[in-house]
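# Remarks on the overall topology
Below are the chains, spelled out letter by letter.
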Amino acid sequence: MTVPTIIFDFDGTLVQSLETVVTIINRLAPEFGYRSSSPQEIARLREVGTREAMLQVGLPWYKLPFVTRRLRAEMNEEIHRLQLVDGIKEVLQQLRAQGYRLGIITSNAEKNVQSCLHNHQLDRCFDFVESEFNLFGKARTIKKAIAKYRLDRQTVIYVGDEARDMQAARKIRVVAIAVAWGFHSRELLAASSPDYLIESPMELVEIMQELTLLQKTQHFPLS
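Note that the coordinates shown come from a computational prediction; the quantities given were computed from them, not determined experimentally. (Residues numbered from 1 in each chain as written. Predicted model: local features only at pLDDT ≥ 70, side-chain atom pairs only at ≥ 80, totals over all residues. Heavy atoms only, no water.)

## Focus: the packing of helix α1 (residues 18–32) against helix α4 (residues 64–78)
- Here α1 crosses α4 at 135°, and the two axes come no closer than 10 Å. One way to sum up the angle between α1 and α4 is to call them oblique. Considering how the two elements wind past one another, α1 and α4 form a crossing that is right-handed. From α1, Thr20, Val21, Ile24, Ile25, Arg27, Leu28, Glu31 and Phe32 reach across to α4, where they touch Phe66, Val67, Arg70, Leu71, Glu74, Met75 and Glu78.
- Taken together, the residues of the contact of α1 with α4 sort by class into nine nonpolar, one polar and five charged. (Axes fitted to C-alpha atoms, helices over the stretch in contact; angles between N-to-C directions. Helix = DSSP H or I, 4+ residues; strand = E, 2+ residues; numbered from the N terminus. Parallel < 35°, antiparallel > 145°, perpendicular 65-115°, else oblique. Left-handed = near helix turned anticlockwise from the far one by under 90°. Contact = heavy atoms within 4.5 Å. Nonpolar A, V, L, I, M, F, W, Y, C, P; charged D, E, K, R; others polar.)

## Some thoughts on the packing of aromatic side chains
- Counted under the stated rule, the structure contains two aromatic pairs.
- Between the aromatic rings of phenylalanine 8 and phenylalanine 126, the centroid separation amounts to 6.3 Å while the plane-to-plane angle is 85°, which identifies the pairing as edge-to-face. Here phenylalanine 8 is found in strand β1 (residues 5–8), whereas its partner phenylalanine 126 is found in the loop between α6 (110–119) and β3 (128–131), with 118 residues between them in sequence.
- On the basis of relative accessible area, phenylalanine 126 is assigned to the buried category, the value being 10%.
- Ring geometry for phenylalanine 128 versus tyrosine 149: centroids 4.2 Å apart, planes at 15°, classification stacked. One end of the pair, phenylalanine 128, is in strand β3; the other, tyrosine 149, is in the loop between α7 (138–148) and β4 (156–160), and 21 residues separate them in sequence.
- Tyrosine 149 gets classed as partly exposed once you look at its relative accessible area, which sits at 21%. (Phe/Tyr/Trp six-rings, centres within 6.5 Å; stacked < 30°, edge-to-face > 60°. Buried < 20%, exposed > 50% of the residue type's maximum accessible area, 1.4 Å probe, protein only.)

## Thoughts on the sheet that holds β3
- On the basis of which strands lie adjacent, the open sheet formed by six strands has the order β3-β2-β1-β4-β5-β6 and parallel pairing. Of all the strands in the sheet, just β3 and β6 (196–198) have a single pairing partner and so form its edges. Recorded for the sheet is a direction-independent mean angle of 20° between the axes of neighbouring strands.
- The pairing of β1 with β4 spans four bridges and is classified as parallel. Counterpart to isoleucine 6 in the pairing with β4 is isoleucine 157. (Pairing = 2+ DSSP bridges.)

## Observations regarding the pairing of β1
- Side-chain alternation along β1 places Thr5 and Ile7 on one buried face and Ile6 and Phe8 on a second face that is also buried.
- In the sheet, β1 pairs with strand β2 (residues 101–106) via four bridges, with the strands oriented parallel. Bridged to isoleucine 6 within β2 is leucine 102.

## Focus on the environment of alanine 73
- Following the sequence through the fold, alanine 73 ends up in helix α4.
- With 36 residues separating them in the primary sequence, alanine 73 and alanine 109 have C-alpha atoms 8.0 Å apart.

## Comments concerning α1
- End to end, α1 covers 20 Å across 15 residues, agreeing with the expected 21 Å (1.5 Å per residue, within 8%).
- Taken together, the buried positions of α1 are Thr20, Val22, Ile24, Leu28, Ala29 and Phe32.
- Looking at the packing, one finds that the buried side of α1 touches α2 (39–45) and α4.
- Directly after α1, the chain includes glycine 33, whose backbone phi takes a positive value near 80°. (Expected span 1.5 Å × (residues − 1).)

## Some words on the pairing of β2
- With five of six residues buried, β2 lies mostly within the body of the structure.
- Here β2 runs beside β3; their pairing, made up of four bridges, is parallel. Bridge pairing in β3 links glycine 103 to phenylalanine 128.
- Chirality of the crossover, the property in question, places the unit of β2, α6 and β3 among those that are right-handed. (Right-handed = clockwise from strand over helix to strand, strands pointing away.)

## Focus on the nonpolar core
- If you look at the biggest cluster of nonpolar residues, it comprises 52 residues, and the most contacted ones within it are Ile6, Phe8, Leu92, Leu95, Phe126 and Ile177.
- Once residues within four sequence positions are removed from consideration, phenylalanine 8 is found in contact with Thr13, Leu14, Leu92, Leu95, Leu102, Gly103, Ile104, Ile105, Phe126, Tyr158, Val159 and Leu204.
- Of all hydrophobic cores here, the second largest spans 18 residues; its members include Ala169, Ile172, Val174 and Ala178. (Core = buried A, V, L, I, M, F, W, Y, C linked by side-chain atoms within 4.5 Å.)

## Here's the deal with the environment of glycine 137
- Secondary-structure assignment places glycine 137 in the loop between β3 and α7.
- We classify glycine 137 as buried; its relative accessible area is 16%.
- Between the C-alpha atom of glycine 137 and that of alanine 168, which follows or precedes it by 31 residues, the distance is 7.5 Å.

Structure below.
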């Protein structure tokens, strides 16, 4: 039986980075010519997709790679302050102990992610970390990871906190798990039709037990 692989997004899914990201993005606003956002506006932006959020703050798509490059660089200065999502460390350790393969796909810099994992003693939990900025093509990034690490697509699960994460997972027909504690609102995530929408990290353990049982008797739901 193929060992299932759980691939996680990083920011908002594993670490509580929303406040830090917003602070940096607002600080860069005058330089790149878009509007900074108040806490009330951030709450509204959580209700819309990424493209619409960019339109609302006046960030042209062609500037996004430059903003992202600066964001990644400045995150390096803040990475030691980032806290894990409550309960996620214990869940990751439990999943690892149960034999699942774990990976990360992120638009954050790999050195930032590795530094954070080291700070929280999670270095050995993950089989791989893939960093690639591909805002509207995450499906391709997941497919590349599946090919690179010779994963069985039928037993890959993707966990993320944005609607585009769910859309990417469904596009390539891997199990999609949305987490309600990240950037996008629960309502927006639900509208993206994930296979599961969870409120707490411990639910991941329960879902994996369910999927592993399904694997023993048939195929994963999307295979």
